[in-house]
Structures are given as structure tokens and as C-alpha cells.
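The lines below spell out each chain.
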Amino acid sequence: MNGVPLLQVHDLQVEFALKGTRQTLKAVNGVSFDVGAGETFGIIGESGSGKTTLGRALVSLVAPTRGRIAHAGVDPTTLTAAQLRVERRQFQIIFQDPNASLNPRMKIGESVAEPLLVTGTLTRQACHQAAQQALERVGLSAAHADRYPHQLSGGQKQRANIARALTLHPRLLVCDEVVAALDVSIRGEVLNLFAELQRELGLTYVFITHDLSVVAHISDRVAVMYLGRFMEMGPAESVAHAPLHPYTQALLSAEPVPLPASMRQEQRMALNGDIPSPVAPPSGCVFRTRCPHALPVCAEQVPAWNELKPGHWVACHIAQADPLPAI
Ligand SMILES: Nc1ncnc2c1ncn2[C@@H]1O[C@H](COP(=O)(O)OP(=O)(O)OP(=O)(O)O)[C@@H](O)[C@H]1O
Ligand SMILES: [Mg+2]
């Protein structure tokens, strides 16, 4: 690499106009971060916090309302349609539902070869050979290639999806809840496959999940998202073991028991109430209505994005470099 991060995101905002009203919803509201080549960047947050919308924006599936994205230094919005088609092969997203991108009427081998066939760069035979190799790389065999999606388990289908992405030699994969639909017993296997592929192929991941234990396990750095904003971002180890933002602390203490003892808080801090409507988010700090530490200033001013420790950023009026005591 020439020193430019593979992915650069600056002040990204994605807004949706709500049909039949004059209202808009800021699903992503001013998010900035970089991801280096070969890195895994985790994003966690509750349902509706904007993770999928951010992921879709990262691979040009939804247009930013404000801000900039660069893929290896190039803004995809400046590309021609033909250039964007090539770009899309290198910057891809894999979704939660393994059925979504597998045609139920196509054999697995055909589905895996399809994106490569569409590029028109290789013969049919070469595409099927590449699909076969990709299937083997993710732990599936020629016998699986000959089956239909309903004849595969959830884990096998997700492996086929990964193979489908691999045939195009991606550089960045946005993985959106890719193990959430799988049985707990096979999540570890599929996560290990992602880790192996990264080592082998030098892939870069943006790993989206609402499960802190998954993200802490696989990521180098983690960002915590709430109502379209990043609350905290830092090394996975620090965010998972010594979170500085009250929201992350609450998420961590709400984790179910399988969490390692070292990651559990002495006292569990419940998150009060539901996430406010993203159409009318709270003034100042968007988390303040659920924050046990909230002060008057939290309603008045949007907290700055401060680097409280090296590489560890927090948007909070009261957080300090040493973690707040649990309430
Ligand atoms: N196409 C759309 N039009 C209008 N609103 C949308 C659209 N897509 C998403 N939203 C809204 O944007 C917000 C963020 O949604 P998003 O799917 O990005 O959240 P998420 O963090 O991925 O949630 P989950 O954990 O449930 O997958 C939600 O309030 C959602 O209702
Ligand atoms: Mg989502």
C-alpha cells in the first residue's frame, strides 16, 4: 500500500426522506473513520442505530447526503459507470441472511460462478473453475456445488455466499451480521473462516454486529454506534474491556452470561427505556435520555469527538481517560 488507508470516511451522513411527510431521518449522522488494509474494523450498536445503512454507504449502495468516502484514495462518486462496476467487485458487502443472495432455483455452483460470469472477463469454464476453487477454499466440495440452497445448512449457505464474494477478488468486505442467523454452535467456525481468509488473502473487513463478544473477538478496532453517530471508537481490547463511554458500558453490562468474566462488570447497568425516534433525536448528546450520568450540558451541546487515550475516541461531556464507575 502507498500509505493511503483502504477506506476513508469523513463526516458521512445518510438521510432518508420519509414518504408522505416532510420529515427526514438521519440514519447516519456525521461519522468519520479510516480502515487500513488488512485491518478488521468492528461496528456495534443496537437495532436501528444505522449500522446497515453505514455499511451500504461504504460500498456505494446508498448515496451519502453529506461527507465523503474514499476507496484506496478514490471517491467512488467520481467514477464512471464502467469504473464503478469494477470498483464494486473490490468493495463488497455480505448480508445476514444467507438465502438473500442465493437463487433458490440455481445450483450452488452456478450461484457462486454467477458474479464472475457477469463480468464477462472469463470463459464460462474458467468461471466455473474459479467457483469450484472458491468453494473449496471455504470448506465446501464439488458435491455441494451440485446442490440447491435448500439442501444446504445455514452455515454451508453462508460459506457459499463468502465463496461468491471471493471469486471477484475483493479487497474490502463489509460483513453485516454475517453470523447472526446461524446456530450458535457454528458461529465460531464461520468466524474462524473469516479470520483464515483474511490471513491468506490480506482481506480488509468492516464487521457489523450487535453482539459485542463477536466484535471484540474478531476486530482490531471497534466503533460503537447510537442513533446514527459514533459514541466511542478505539482498539477492540480497550473498548471491550475498559469502555469510556456510558453507552458502551451499559451495552457491556447488559451482555448475557457467556461473556468472559474479565469482560463482565461487577454491577449490571440496565439501559433505561427504548432508543428515541431517529426522526426527532434528543438535543445535545443523543444518548443523554438513557444515560445514568447525564448533566444539564448534555441536553445543550453536542459533545466533541475527543481522543481521550491514544487512538481511543469518545463523544461524551463527562467521560474521562479512566473509565467511569458503573452505576
Ligand atoms: N430505506 C429507508 N428508508 C427510510 N428509513 C430507513 C431506510 N433504511 C433504514 N431506515 C431507518 O434508518 C435507521 C437505521 O437503520 P439501519 O437498518 O441502518 O439500522 P441497523 O443498526 O442496521 O439496525 P439492525 O441492528 O436492526 O439491523 C432506522 O431507523 C431505519 O428505520
Ligand atoms: Mg442492520
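**Q** Now, about the overall build of the protein: what can you tell me, with residues and values included?
**A** Counting its regular elements, the protein contains eleven helices and eleven strands. Taking 2.2 N^0.38 as the reference for a compact globule, 327 residues should give roughly 20 Å; the C-alpha atoms of the protein span a radius of gyration of 21 Å, in line with that estimate. The principal-axis extent of the C-alpha atoms belonging to the protein is close to 65 × 45 × 45 Å. Residue pairs in contact within the protein that sit at least 24 positions apart in sequence constitute 65% of those at least 6 positions apart.

**Q** Tell me about the layout of surface pockets, residues and numbers included.
**A** One number sums up the size of the largest pocket: a volume of about 600 Å³. In terms of lining residues, the largest pocket is bounded by 20 residues, among which Arg88, Gln92, Pro115, Arg164 and Leu168 are the most central. At the level of secondary structure, the elements contributing two or more residues to the lining of the largest pocket comprise helix H2 (81-90), strand E5 (91-94), helix H3 (108-119) and helix H6 (154-166). No other element matches E5, which puts four residues into the lining of the largest pocket. Here the lining of the largest pocket is built from residues that sort into eleven nonpolar, four polar and five charged.

**Q** Please provide a residue-by-residue account of the sheet that holds strand E1 (residues 7-17), values included.
**A** In a beta sheet, neighbouring strands are held together by backbone hydrogen bonds and run either parallel or antiparallel to one another. Spatially, the three strands line up as an open sheet ordered E2-E1-E4, and their pairing is antiparallel. At either margin of the open sheet sits one strand with a lone partner, and together these are strand E2 (24-35) and strand E4 (66-71). Each strand axis lies, on average, 25 degrees off the axis of its neighbour in the sheet, ignoring direction. The pairing of E1 with E4 spans five bridges and is antiparallel. Residue pairing across strands places Leu7 opposite His71, the latter belonging to E4.

**Q** Now, about the site of ligand 1: what can you tell me, with residues and values included?
**A** The environment of ligand 1 is made up of Phe16, Leu25, Ala27, Glu46, Ser47, Gly48, Ser49, Gly50, Lys51, Thr52, Thr53 and Pro278. Within the backbone of Ser49, an N or O atom sits 3.2 Å from an oxygen atom of ligand 1. Side-chain polar atom of Thr52 to an oxygen atom of ligand 1: 2.8 Å apart, as the coordinates give it. Computed on the free molecule, ligand 1 has an accessible area of 640 Å², of which 62% lies beneath the protein chains in the complex. Within the residue set of the shell around ligand 1, elements represented by two or more residues are E2 and helix H1 (51-58). If you tally residues by element for the shell around ligand 1, the top one is H1, at three residues.

**Q** Got a sec to walk through the pairing of strand E10 (residues 305-309)? Specific residues and values, please.
**A** The pairing of E10 with strand E11 (residues 312-315) spans four bridges and is antiparallel. The residue bridging Asn306 from the neighbouring strand is Val314, located in E11. Where E10 hands over to E11, the hairpin turn is made up of two residues, of which Gly311 adopts a positive phi near 75 degrees.

**Q** Hey, could you go over the side chain of Lys157 for me, with residue numbers and the actual values?
**A** Along the polypeptide, Lys157 turns up in helix H6. In this structure, Lys157 is in contact with Pro98, Asn99, Leu102, Pro149 and Leu152, ignoring residues within four places of it in sequence.

**Q** Can you lay out helix H7 (residues 184-201) for me, pointing to particular residues and giving the numbers?
**A** Because each turn of an α-helix spans 3.6 residues, side chains separated by three or four positions in sequence point in the same direction. Taking 1.5 Å per residue as the helical rise, H7 with its 18 residues ought to reach 26 Å, and the 26 Å between its terminal C-alpha atoms agrees with that figure. Taken as a whole, H7 has its buried residues at Val190, Leu191, Leu193, Phe194, Leu197 and Gln198. For H7, the arc enclosing every buried residue in end-on projection is 150 degrees, short of the 170-degree limit, so these residues lie on one face. Among the exposed residues of H7, those oriented more than 90 degrees off its buried face are Ser185 and Arg199.

**Q** Could you give me a rundown of empty space enclosed by the protein, with the residues and numbers involved?
**A** Scanning the model with the defined rule gives one cavity of 30 Å³ or more in all. One number sums up the size of the largest cavity: a volume of about 60 Å³. Residue composition of the lining of the largest cavity, by class: eight nonpolar, two polar and one charged.

**Q** I'd like a rundown of the nonpolar core, residues and numbers included.
**A** Formed by 32 residues in total, the largest nonpolar core has its most connected members in Leu135, Val138, Ile162, Phe194, Leu197, Tyr205 and Phe207. Sorting the residues of this core by element identifies H3, helix H4 (124-137), H6, strand E6 (172-176), H7, strand E7 (204-209) and helix H8 (212-218) as the ones contributing at least two each. The contacts of Ile162, once residues within four sequence positions are left out, are Ile94, Val138, Val190, Leu193, Phe194 and Leu197. Grouped together as the second largest cluster of nonpolar side chains are 27 residues, Leu12, Val14, Val35 and Val206 included.

**Q** Provide a residue-level description of the pattern of salt bridges, including the pertinent values.
**A** Applying the stated rule across the entire model yields eight salt bridges. Taking the shortest distance from any N to any O, the salt bridge between Glu189 and Arg159 comes out at 3.3 Å. Highlighted residues: Glu189 in helix H7 and Arg159 in helix H6, separated in sequence by 30 residues. With relative accessibility at 44%, the residue Glu189 sits in the partly exposed group. Judged by its relative accessible area of 14%, Arg159 is buried.

About the thresholds
Residues numbered from 1 in each chain as written. Chains lettered and ligands numbered in written order. Predicted model: local features only at pLDDT ≥ 70, side-chain atom pairs only at ≥ 80, totals over all residues. Heavy atoms only, no water. Helix = DSSP H or I, 4+ residues; strand = E, 2+ residues; numbered from the N terminus. Rg over C-alpha atoms; globule rule 2.2 N^0.38 Å. Contact = heavy atoms within 4.5 Å. 1 Å grid on protein atoms, 1.4 Å probe; cavity = no way out; pocket = protein on both sides within 12 Å on 5 of 7 lines; lining within 4 Å. Points joined across faces, edges and corners; volume = space filled by probe spheres on them. Nonpolar A, V, L, I, M, F, W, Y, C, P; charged D, E, K, R; others polar. Pairing = 2+ DSSP bridges. Axes fitted to C-alpha atoms, helices over the stretch in contact; angles between N-to-C directions. Near = heavy atom within 4 Å. Polar contact = N/O pair within 3.5 Å; in protein donor to acceptor, adjacent residues only side chain to side chain. Areas by Shrake-Rupley, 256 points an atom, 1.4 Å probe, with all protein chains shown as cover. Expected span 1.5 Å × (residues − 1). Buried < 20%, exposed > 50% of the residue type's maximum accessible area, 1.4 Å probe, protein only. Arc of directions from axis to C-beta. Core = buried A, V, L, I, M, F, W, Y, C linked by side-chain atoms within 4.5 Å. Salt bridge = Lys/Arg side-chain N within 4 Å of Asp/Glu carboxyl O.

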